[in-house]
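Breakdown of the fold
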Amino acid sequence: MSHYKLTYFNLRGRGEIIRYLFAYSGIKYEDYRIEWADWPSIKPTIPFGKVPILEIDGVIIHQSLAIARYLAKENGVAGKTPLEQALVDAIVDTIDDFMSMFPWAEKDHDVKQRVFDDLLTNTAPGLLQDLEKFLGNKNWLVGESLTWADFYWDVCSTTLLSLKSDLEDSNPKLWVLKRRVQALPAIAAWIQQRPKTIL
Ligand SMILES: CCC(=O)N1CCc2c(cnn2-c2cccc(F)c2)C1
């Protein structure tokens, strides 16, 4: 039995997709949440100096999407064929490109608020419309079964709704999908038990 240790902050952020995959797989792992005060002393010990990282029996994987893709493949939710896996990656990257546009670490509150508001008001609607069209009348974003693209949509849309709740007023199929993911017993249980954080 492998030993898994996830290292990230006490945030959903870029760590939550990994936590979803562990919850779905039922595999036990250490969910180590770095205290902000400890980060300066921990950062130099981390390869490439960024988190999340996942240690698997001492082997360190960095980059949240690489970690998630590994766990998805190990647990049958990466896509059933290479073509489906490519579509999953394309959707995940599309969502991640948008999430990466936010200046999460901006120190100037006014600058941060202005960029966040612009992205949420002027960029998010187009992205959601494209995702709604891609989903169409399917139950899941890719193929005919759950993949980690569906998990990623739920993880990231939770944060987007926390920032702009009226995003839920358009693109109804996307919000039906969100509820379908959150109704999965393992995901529902994780959401109920996880530490409550703003982001
Ligand atoms: C100081 C750092 C911080 O506040 N956060 C880190 C990044 C982040 C947060 C919430 N979502 N999110 C995120 C999720 C997926 C992709 C991505 F680029 C970003 C909060």
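Because the structure is a prediction, the values reported are computed rather than measured. (Residues numbered from 1 in each chain as written. Predicted model: local features only at pLDDT ≥ 70, side-chain atom pairs only at ≥ 80, totals over all residues. Heavy atoms only, no water.)

Take helix α3 (residues 64–74) next. Where α3 is concerned, the buried positions are Ser64, Leu65, Ile67, Ala68, Leu71 and Ala72. For α3, the arc enclosing every buried residue in end-on projection is 155 degrees, short of the 170-degree limit, so these residues lie on one face. For α3, exposure combined with an orientation more than 90 degrees from the buried face picks out Lys73 and Glu74. Where the residues of α3 are buried, they touch α1 (16–25), β3 (53–56), β4 (59–62), α4 (82–99) and α6 (148–163). Of the residues one or two after α3, Gly76 is the one with positive phi, at around 75 degrees. (Buried < 20%, exposed > 50% of the residue type's maximum accessible area, 1.4 Å probe, protein only. Helix = DSSP H or I, 4+ residues; strand = E, 2+ residues; numbered from the N terminus. Arc of directions from axis to C-beta. Contact = heavy atoms within 4.5 Å.)

As far as domains go, the protein chain holds domain 1 (4–76 + 186–193) and domain 2 (82–183). Look at where the C-alpha atoms of domain 1 and domain 2 centre, and you get two points 20 Å apart. On the domain 2 side, the residues contacting the 15 residues of domain 1 number 15 residues. When domain 1 packs against domain 2, close to 1400 Å² is buried across both sides, 66% of that on carbon and sulfur atoms. On the surface where domain 1 and domain 2 come into contact, there are two salt bridges. Here Asp96 ties to Arg14 by a salt bridge, and the two come within 3.3 Å at their closest N and O atoms. Run the count over domain 1 and domain 2 and you get five residue pairs in polar contact (both at pLDDT 80 or more). Only α1, α3 and α8 (185–193) provide two or more residues apiece to the side of domain 1 that touches domain 2. Residue contributions to the side of domain 1 that touches domain 2 peak at five residues, all from α1. Within the side of domain 1 that touches domain 2, the residues separate by chemical class into 10 nonpolar, one polar and four charged. (Domains from an automatic or database assignment. Buried area = accessible area lost by both parts, 1.4 Å probe. Salt bridge = Lys/Arg side-chain N within 4 Å of Asp/Glu carboxyl O. Polar contact = N/O pair within 3.5 Å; in protein donor to acceptor, adjacent residues only side chain to side chain. Nonpolar A, V, L, I, M, F, W, Y, C, P; charged D, E, K, R; others polar.)

What follows is about the UniProt feature "domain: GST C-terminal" (unreviewed entry) in the protein chain. Feature annotation in UniProt places "domain: GST C-terminal" (unreviewed entry) on residues 81–199, given in this structure's numbering. With 68% helix and 0% strand, residues 81–199 has end C-alpha atoms that lie 33 Å from one another. (UniProt positions renumbered as here; feature names shortened; annotations may be inferred.)

Each pair of packed helices can be summarised by the angle the axes make with each other and by the distance between the axes. Direction vectors running N to C along α6 and helix α7 (residues 172–182) enclose 110 degrees, while the axes themselves pass 9 Å from each other. For the element pair α6 / α7, the angle class is roughly perpendicular. Handedness of the crossing formed by α6 with α7: left-handed. Facing Asp150, Phe151, Trp153, Asp154, Ser157, Thr158 and Leu161 of α6, the residues of α7 in contact are Leu174, Trp175, Leu177, Lys178, Val181 and Gln182. Of the residues contributing to the contact of α6 with α7, the split by class is seven nonpolar, three polar and three charged. (Axes fitted to C-alpha atoms, helices over the stretch in contact; angles between N-to-C directions. Parallel < 35°, antiparallel > 145°, perpendicular 65-115°, else oblique. Left-handed = near helix turned anticlockwise from the far one by under 90°.)

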